[in-house]
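# Structural overview for review
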Amino acid sequence: QQRQQQQQRAAEEKAKAEAERQRAREEMLKKQREAAMAKQKVEDQRRRQLAALGATRAAIQKVRLATPENFDDLKREVDELLTAELAKLSPEAANLLFEEAEKHLDFARKRVEQLQAAKEAKEQRAQEVERRRQAVAEDAADPTAPPKVEVPAGAVGAIIGKSG
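Residues numbered from 1 in each chain as written. Predicted model: local features only at pLDDT ≥ 70, side-chain atom pairs only at ≥ 80, totals over all residues. Heavy atoms only, no water.

Bringing the environment of Val112 into the picture now. Mapped onto the elements, Val112 comes out in helix H3 (residues 91-141). For Val112, a relative accessible area of 8% translates into the label buried. A C-alpha to C-alpha distance of 9.7 Å links Val112 and Asn70, two positions 42 residues apart in sequence. (Helix = DSSP H or I, 4+ residues; strand = E, 2+ residues; numbered from the N terminus. Buried < 20%, exposed > 50% of the residue type's maximum accessible area, 1.4 Å probe, protein only.)

Core analysis: the biggest nonpolar cluster contains 18 residues, and Val63, Phe71, Val78, Leu89 and Leu97 have the highest contact counts within it. For this core, the secondary structure elements donating two or more residues are helix H1 (2-64), helix H2 (71-85) and H3. For this core, the element with the highest residue contribution is H3, accounting for seven residues. (Core = buried A, V, L, I, M, F, W, Y, C linked by side-chain atoms within 4.5 Å.)

This paragraph deals with H1. Over its 63 residues, H1 runs 91 Å from end to end, which matches the ideal 93 Å to within 8%, given 1.5 Å per residue. If you check which residues of H1 are buried, you get Gln49, Ala52, Leu53, Thr56, Ala59, Ile60 and Val63. (Expected span 1.5 Å × (residues − 1).)

Set out below in C-alpha cells:
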C-alpha cells in the first residue's frame, strides 16, 4: 500500500511537473508571439512613416521647381500633405519634415519672386524696344524732319550755351 501511495505520489508529481513544463512552454510561446507582434507593429509603423515621408518629400521637391503660375497650387498640396501625414510620424520626424518643408517653401518663394522680377524686366525691355522702334518708324515716315538726338538733361545747358 505504501508502495502504491509512493507510486501514486510520484505519478502525481510527474504529472504536475509535466503540466508545469507545458504551462512554461505555453507562456514562453505567448511571450514570443507578443514580441513578434510588437516587432511587426513597430515595423508597420516605420513603413507607414517612410511612406508618409516619401509622399511629402516628393511634393516638397515639386514645390522647389514652382513657377509663378503653379506656386499656390503646389504650396496648397504640400500644406494638405503635411496636415495629413504629420500625425502619422513620430514627433522628431514630424518636426524635421516640417522644418524641411518650410526651408523648401522659402526657397520656392524666393525663386518665384526672382522669376517674376525677371519677367517684368523682360517686359519692360520689350516695351522700350517697341517704343524706340515706333519712334524710328515715325522719323522715317517724315523725311523732312530733322533727326532726333537724345541728350541727357545735364548736357542741355552746355549745348545751348548761356545765352540760350
